[in-house]
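Take a look at the letters that make up each chain.
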Amino acid sequence: MEPSLNHLLWRYRHIIFFSFALTFLSGFGQSIFISLFIPTFLENAHISNTTFGTIYAGATLLSGFALPWAGRQLDNISHAKYSKIVFFGLTTASIVTAFADNIYLLSLAIFMLRFFGQGLFGHTSDTITAKKFGPNRGKALSLAGLGYPSSEAIIPLIAVWILGHYGIKVTWLLVATFIFLFIPFINFFANSPGENESEDHKIEENTRKDFPGLKSFSFWVWASATLMPPFLLTSLFLYNAVIAELRGWTLEWMASSFVAFALARFTFSLIGGPLVDRYGAKNLYPWHLIPLCIGISILALWENQFAAPTYLALAGVSIGLGAPIKTALWAEIYDVKFLAQIRSWLSSFGVIGTAAGPPVLALMLDSGISLTNSLSLLSISLAAIITLCGFLKRYC
C-alpha cells in the first residue's frame, strides 16, 4: 500500500521541511520579488530603466553560465556544507542589495540574488529531495515544490508593507536576517534521513566524473522539453501588456487572470507527485506539456477575454505537473550520482532560455507577424518537441 502525502510528510518531515524552505526562500531571487524594488533601485543608483534592464539581463545570463560548475559541486560535497554556502551566499546578497546605492553594487547584488536565489536554492532543494527519496520521490518533490507558489503568494505582500513603512534598506536587512536564522539548523535538517538513508552522505569517487549524457542525442531531446516552458512563459508573461492591448483586454483583467495560473500550479504540483510514483516519470514526461501547448493555441486563436485565464490555467497545469516529473525523470534514466550535474546544466539552460525567449517573440511581432501567427508558431514548436519526446519514450 502506497503511503499518503500526510504519512510521507510526517515520517520524513525534517528533510521535506528543509527542501520546502529552500524553494520558499528562492523567492527572494525571483523576478516577481525583485521587480518590487525597481523604482527605488533606479532612484538610489541614478540609472535609467534601460540601464537596469541591461544589468538584469547580464546578471541573469552570467548566473546561468556559472550554474553548471557551481551546481555540480553538490555531487561532491555533503548536503549540509553545500547548503550552508548557499544560505550564506543569499544572506550576503541581501546585505549588498540593502546598500546598493550605485551601479556597481547594484550589479553585484542582482547577480548574487539571481545566482543564489533563483539558481542554487531551487537546485539544492530538488537535488537533495530526489537523492534522498526513491519509491516516493514524486510525492516528496511535490511537497517540496509547494514552496514556490507559497513564496509567490506570501513574500511580495509582506515585502510591500515593510518597504512602504521602513524603506528598502530595512526590508533587505530583514530578508538577510530571516535567511541567516536558518543557518544554525542546517546540519540537523540537511542530515535528516530520507528513504535512501544509507546513501544520504555517501560520496563515491566516480561522482567527480563528467556526466556522459551530454554527448547523447536522447538527453538533448528530453532536455528540450524542460527548456521550453521557461522560454515560452517568460516571453508571454513579459509581454502581457502587449497581448492585452492587441486583444483589446484590460491590463487589470490580464493581471487577475494569473489567479488561475497560481491555483492550477499549486493543485497539480500535488497531483503530479503521486502520478510519478505510480506510473513513472518517463511515461508521463512527454505528455505533461500538452496542456501548455493547448493553452498557447487557445491564446492564439480565441480573442475572447476568457482566453487569458484559460491559457494561464492550462499553463499552470503543465508547470505544476512538471515540477516533480522533471527531476524524477533524470533520477530514473540516469544514476542519481550525476543528478546535481544534470540539474545544474538544465538550470543554466533554463536561465538562458528566460533571457532568450522575450527577444524571439519581440522579433516576430516587430517583423510584422501577427500575434495569432506568432503564438501559433510557438505552439507548433512545442507540439513538435512533445511528439519527439513521445517517440523517444516509445522507441528508445
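Values in this document were obtained by computation on a predicted structure and should not be read as measured data.

Asks: Pulling in residues and values, what's your account of the overall build of the protein chain?
Replies: Helices and strands together make up the secondary structure of the protein chain, namely 20 helices and zero strands. The C-alpha atoms of the protein chain give a radius of gyration of 21 Å, which matches the 21 Å a tight globule of 396 residues would have. Based on the C-alpha atoms only, the size of the protein chain along its principal axes is roughly 60 × 55 × 40 Å. Taking all 396 residues of the protein chain together, 54% fall into the buried category. Sequence-distant contacts, at least 24 apart, represent 84% of the contacts inside the protein chain between residues at least 6 apart. Here the protein chain holds 24 positive side-chain charges and 20 negative ones, and the gap between their average locations is 7 Å.

Asks: Go over helix α7 (residues 103-132) with me, naming the residues and quoting the values.
Replies: Counted at 1.5 Å a residue, the expected span for α7 with its 30 residues is 44 Å, and the 42 Å between its end C-alpha atoms agrees. Of all 30 residues in α7, 25 are buried; the element is thus mostly enclosed. Capping the start of α7, N102 holds a side-chain oxygen 3.0 Å from the backbone nitrogen of Y104, two or three residues further along.

Asks: So what's going on with the state of the cysteines? Which residues, and what values?
Replies: Within the structure shown, the criterion is met by zero disulfides. Among the cysteines around C293, which has no disulfide bond, C389 carries the closest sulfur, lying 12 Å off. On the basis of relative accessible area, C389 is assigned to the buried category, the value being 0%.

Asks: Explain the packing of aromatic side chains to me, using residue names and the numbers behind them.
Replies: Applying the stated criterion across every chain, the model contains 21 aromatic pairs. Relative to W172, the ring of F37 has its centre 5.1 Å away and its plane inclined at 50°; by these criteria the two rings are tilted. Taken together, the positions of F37 in the loop between α3 (31-34) and α4 (38-45) and W172 in helix α10 (residues 168-180) put the pair 135 residues apart, joining distant regions of the chain. Here F37 matches W172 in class, with each residue buried.

Asks: Residues and numbers for the side chain of R114, please.
Replies: Along the chain, R114 turns up in helix α7. Apart from residues lying up to four places away in sequence, R114 is in contact with G29, Q30, S31, I34, Y56, T60, S63 and G119.

Asks: Break down the environment of E43 for me, citing the residues and quoting the values.
Replies: Tracing the backbone shows E43 in helix α4. Sequence-wise, E43 and W172 are 129 residues apart; in three dimensions their C-alpha atoms are separated by 16 Å.

Asks: Break down helix α13 (residues 240-247) for me, with residues and values.
Replies: Among the residues making up α13, those that are buried are N240, I243, A244 and R247. Seen along its axis, α13 keeps its buried residues to an arc of 100°; they face one direction. Every exposed residue of α13 that faces more than 90 degrees away from the buried side is listed here: E245 and L246. Positioned one or two residues after α13, G248 has a phi angle of 80°, which is positive.

Asks: Give a description of a nonpolar patch on the surface that names residues and reports values.
Replies: A cluster of nonpolar side chains, contributed by I95, F99, L105, L108 and L173, occupies part of the molecular surface with about 370 Å² of accessible area. Note on placement: L108 falls in helix α7.

Asks: Explain unusual backbone geometry to me, using residue names and the numbers behind them.
Replies: One non-glycine residue, H46, lies in positive phi territory at about 55°. Within the element layout of this structure, H46 appears in the loop between α4 and α5 (49-72). On the basis of relative accessibility, which here comes to 71%, the residue H46 falls in the exposed class.

Asks: Requested: an account of the packing of helix α18 (residues 307-333) against helix α19 (residues 339-366), with residues and values cited.
Replies: Axis separation between α18 and α19 bottoms out at 10 Å; the angle between their running directions is 135°. It follows that α18 is oblique to α19 by the angle criterion. By crossing handedness, the relation of α18 to α19 is classed as right-handed. Residues T327, W330 and A331 of α18 pack against L339, I342, R343 and L346 of α19. Among the residues forming the contact of α18 with α19, the class breakdown is five nonpolar, one polar and one charged.

Reading the values: the criteria
Residues numbered from 1 in each chain as written. Predicted model: local features only at pLDDT ≥ 70, side-chain atom pairs only at ≥ 80, totals over all residues. Heavy atoms only, no water. Helix = DSSP H or I, 4+ residues; strand = E, 2+ residues; numbered from the N terminus. Rg over C-alpha atoms; globule rule 2.2 N^0.38 Å. Buried < 20%, exposed > 50% of the residue type's maximum accessible area, 1.4 Å probe, protein only. Contact = heavy atoms within 4.5 Å. Lys, Arg positive; Asp, Glu negative; His and termini not counted. Charge placed at Lys NZ, Arg CZ, Asp CG, Glu CD. Expected span 1.5 Å × (residues − 1). Polar contact = N/O pair within 3.5 Å; in protein donor to acceptor, adjacent residues only side chain to side chain. Disulfide = S-S within 2.5 Å. Phe/Tyr/Trp six-rings, centres within 6.5 Å; stacked < 30°, edge-to-face > 60°. Arc of directions from axis to C-beta. Patch = residues over 30% accessible without salt bridge, like charges linked within 9 Å, V, L, I, M, F, W, Y side chains within 5 Å. Areas by Shrake-Rupley, 256 points an atom, 1.4 Å probe, with all protein chains shown as cover. Salt bridge = Lys/Arg side-chain N within 4 Å of Asp/Glu carboxyl O. Axes fitted to C-alpha atoms, helices over the stretch in contact; angles between N-to-C directions. Parallel < 35°, antiparallel > 145°, perpendicular 65-115°, else oblique. Left-handed = near helix turned anticlockwise from the far one by under 90°. Nonpolar A, V, L, I, M, F, W, Y, C, P; charged D, E, K, R; others polar.

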